[in-house]
Every structure is written in structure tokens, then in C-alpha cells.
Amino acid sequence: MLKPINHVSCSPALRACRRLQEHLVAWLCDVNVGSADINQVNLVPPCVPTQTEADWLWAFLQKIDAGKSLLVRAQILADRPITEKELLRDWVDSVSNLSSQFQPTPPTWPVTPPTISAMAWQAFKELMEAFYEKGLRAGLPYATDGSPVTGGGVSYAQFVQEFRESHRLNPNLGAYEVCVLCGGPLEAVEVDHWIAKSVYPLLSVCPDNLLPICAQCNSTDNKGSKAVHSNGSFADWFHPYWFHANGGIQLNYDLQTRSIKSLAASPADAAKVANLDNLLNLSKRWTRKFKAEYISQQDELRRREQLRKRQNLSEYTQAEIVLHIQTEQAVLSPTKPHYEVNCVVFAAMLDQARLDAWQTELGLVS
Ligand SMILES: [Zn+2]
């Protein structure tokens, strides 16, 4: 979370879809509803708020996933015994109250699925995930402001585009884009579910849970589907929207290990920074980038020196090297990828011990 993160303008549409998921679950878990009741005649307000949403939801349930319609999953849930319906409803209530986890005294966060049958959980999971995989991809029944519409509603593509536009550090189209988590280049964009949708499928379209990031951050080696809480406690974790790092992460060059360590600007954030670093392997990735950039700068200086020799100019003095490094440092652009790492590279290069070794390493001693 090196860069600011904000909700995009179509977030109300995603939030409305999240509420529609809850309406669907409430209907399927109604003790008086069985699979025979799951039909278009019964799917009308007040089951869901408007007829527009009812029509979209009925069409959505007809979609086929892995050879079965989503309607089949809905029927499985509607036929579960009352005890299972109550357990699922309670679980949905807890998870839908995500924002309360970032209040001073949060309620218990469920760390496991509800104790319902595997078949019921699978049906619930596939149904909820389909709101993202099929519903959002094709378009939701909501305009940007969350009001119901019969066509042209907010889609996955619109969400990603809005996020990229509003988080672009350089407003010129075609300029480098930067990953909000690691500060690296945003080349292949992937939408991460901050809280894994495989474990919390109710959050599949929740705008507080969707984060376009670089493919490297989202890879299974880094964030993947790992937990972003400690056994149900979010106290030692940042959250992109609810508990952003807000400049609380610093990069520090460790001369002994020749590596970059992430540090908390405030001791109160130490655990959060450590958890984020572990989650994304930030120190390791930043160190790799640091080393590559350092070698690149060293190579550039060496080639500059060779050029001066060809031009019959005198060799670089240490003062000239310092001036060169300071100039490069001064013109670093904060809108380019790896800005923070590059700042550390130049700061490390200006360390006096480094400067003393610099000329020897470059073979400049005559
Ligand atoms: Zn990244």
C-alpha cells in the first residue's frame, strides 16, 4: 500500500449488488421456502427491492456454470433443513458486517465456513462467486450510482477502467501506471479479492474487497488467496479501504545485508507493516529491484567514464560522481514505477563508505 487507494465512482453499484446477494440468501434461507418455490412468479418485490432486480436475478439464475444452472444451486440451498439455513444466515450476517471489523471493538469474525453440509456450502459458494464471474463480467442491474437499470449497468471492465483512471499518477494516457500495493509497474492488471472469495464468497463483488493490482502482487507466491487477518483479528493488518497504510511504510537500506527492509513509520504500525511485507514478499522483491538498479547505475557510470576517456577528458573525481548521483536523485519522478526503491538506491550510493569504494569498483583509480 505504497500508493493511496480510493473507492471508485461505480462503487455504489457494486454495493447494491452485494445487497442483492443478501436478498437472495435471505429468500433461499427462508424457513417457508423450498426448491419448488424458487420460480419466476415468486421472485418479485419485496423478495428483492425492485422488479428490475428481480428480472436480472432470474436471468442470472438461468446461467450455466460447470454444466449446471445457478438455479440448481439455489434449489439445493432452499431445500436445506432449518438448522442449516439459520447457520448460513448467521454467517452471512457476520461477513456482510465487514466494516465493523475496523471499529474499536469488532464482533467475532468467522474464520471458517458455517457448519452446514459440504453440498450446501458448495452450492452457496458457486452461487455467490458467480455474481463476480458471470454477473459483474456481463453487467450488473445497476447504474454507477447504484440505481436499478434494465441494461448498460456497471461491469467488470468499467470497474477496472475507473480504478486505473482514478489511480493514475501521471494523467497522460500512455504514461507508466503504478501498482498501488508494491509501487512496481502495473502492466498486467488483476483484480484481487483482498479477503479471498474462495473462503468468503459473499464478498465476491463487495467494493471494499476488490483491488486491481499487478500480476506479481496477486500471484500465488505473493498474496494469492492468503488470509489478511490473524485468526479472525484484523487488528494487525492494513486494509486497502478501511485501514490504509497512509505513508506508514518506509523502505530502508540495510548496509550489512545489502538488502531493503520495510519499516513502519510509527511503532504502532510495526505488526501491520510486517504482515503486509510477509503477505507480498515486499522486502525480497524490493531488494531484487534495488540490486538490479544499483548494477544498472554502476554500469552507466562505467560507460560514462569510458566515453570521457574516448573524448580525452579527465577521469571522474568523487565530487563529480556525487554531483551526478545527486542530479539523478533530484529528477526522480514519483509517478514512475519503483520510485521508492530508486530513492533508496541513490541514497545508498551517496553513503560515504559507498562513495569511497565506488571508484575502486568502477576501476577508476589511475
Ligand atoms: Zn504490485
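Remember, predicted model here, so these are calculated numbers, not experimental data. (Residues numbered from 1 in each chain as written. Predicted model: local features only at pLDDT ≥ 70, side-chain atom pairs only at ≥ 80, totals over all residues.)

On to the domain arrangement of the protein. Assigned domains of the protein: these are domain 1 (1–244) and domain 2 (245–366). Relative to domain 2, the C-alpha centre of domain 1 lies at a distance of 41 Å. Listed by partner, the interface residues are 21 residues for domain 1 and 18 residues for domain 2. Of the residues in the side of domain 1 that touches domain 2, the class split is 13 nonpolar, five polar and three charged. (Domains from an automatic or database assignment. Contact = placed C-beta atoms within 7 Å. Nonpolar A, V, L, I, M, F, W, Y, C, P; charged D, E, K, R; others polar.)

Time to look at helix H1 (residues 11–28). For an α-helix, the turn length of 3.6 residues means that residues three or four places apart are oriented alike. Compared with an ideal rise of 1.5 Å per residue, which puts 18 residues at 26 Å, H1 spans 26 Å between its outermost C-alpha atoms and is within 8% of the ideal. For H1, the full list of buried residues reads Ser 11, Ala 13, Leu 14, Ala 16, Cys 17, Arg 18, Leu 20, Gln 21, Leu 24, Val 25 and Leu 28. Packed against the buried residues of H1 are helix H2 (51–61), helix H3 (70–78), helix H4 (82–96), helix H5 (118–138) and helix H6 (156–166). (Helix = DSSP H or I, 4+ residues; strand = E, 2+ residues; numbered from the N terminus. Expected span 1.5 Å × (residues − 1). Buried ≥ 20, exposed ≤ 12 C-beta atoms within 10 Å, placed from the backbone.)

When two helices pack together, their arrangement is given by the angle between the helix axes and by the axis-to-axis distance. At a minimum axis separation of 9 Å, H3 and H5 run at an interaxial angle of 135°. By the angle class used here, H3 and H5 are oblique. Where H3 crosses over H5, the handedness of that crossing is left-handed. Of the residues in H5, those in contact with Leu 70, Arg 73, Ala 74, Ile 76 and Leu 77 of H3 are Met 119, Ala 120, Ala 123, Phe 124, Glu 126, Leu 127 and Ala 130. Looking at the contact of H3 with H5 residue by residue, the class counts come to 10 nonpolar, no polar and two charged. (Axes fitted to C-alpha atoms, helices over the stretch in contact; angles between N-to-C directions. Parallel < 35°, antiparallel > 145°, perpendicular 65-115°, else oblique. Left-handed = near helix turned anticlockwise from the far one by under 90°.)

Counting 85 residues, the largest nonpolar core has Met 1, Cys 17, Leu 57 and Cys 179 as the members making the most contacts within it. The greatest single-element share of this core, amounting to nine residues, is contributed by H5. Counting contributing residues per domain, this core is built from domain 1 (1–244) and domain 2 (245–366), each supplying no fewer than three. Each residue touching Met 1, except ones within four places of it in the same chain, is listed here: Val 180, Leu 181, Phe 238, Pro 240, His 244, Ala 245, Ile 249 and Leu 276. (Core = buried A, V, L, I, M, F, W, Y, C linked by C-beta atoms within 7 Å.)

We now examine the pairing of strand S6 (residues 259–264). Here strand S5 (residues 249–254) runs beside S6; their pairing, made up of six bridges, is antiparallel. Directly across from Leu 251, in S6, lies its bridge partner Ser 262. In this antiparallel pair of consecutive strands, S5 and S6, the connection spans four residues, and Arg 258 shows a positive phi of 50°. (Pairing = 2+ DSSP bridges.)

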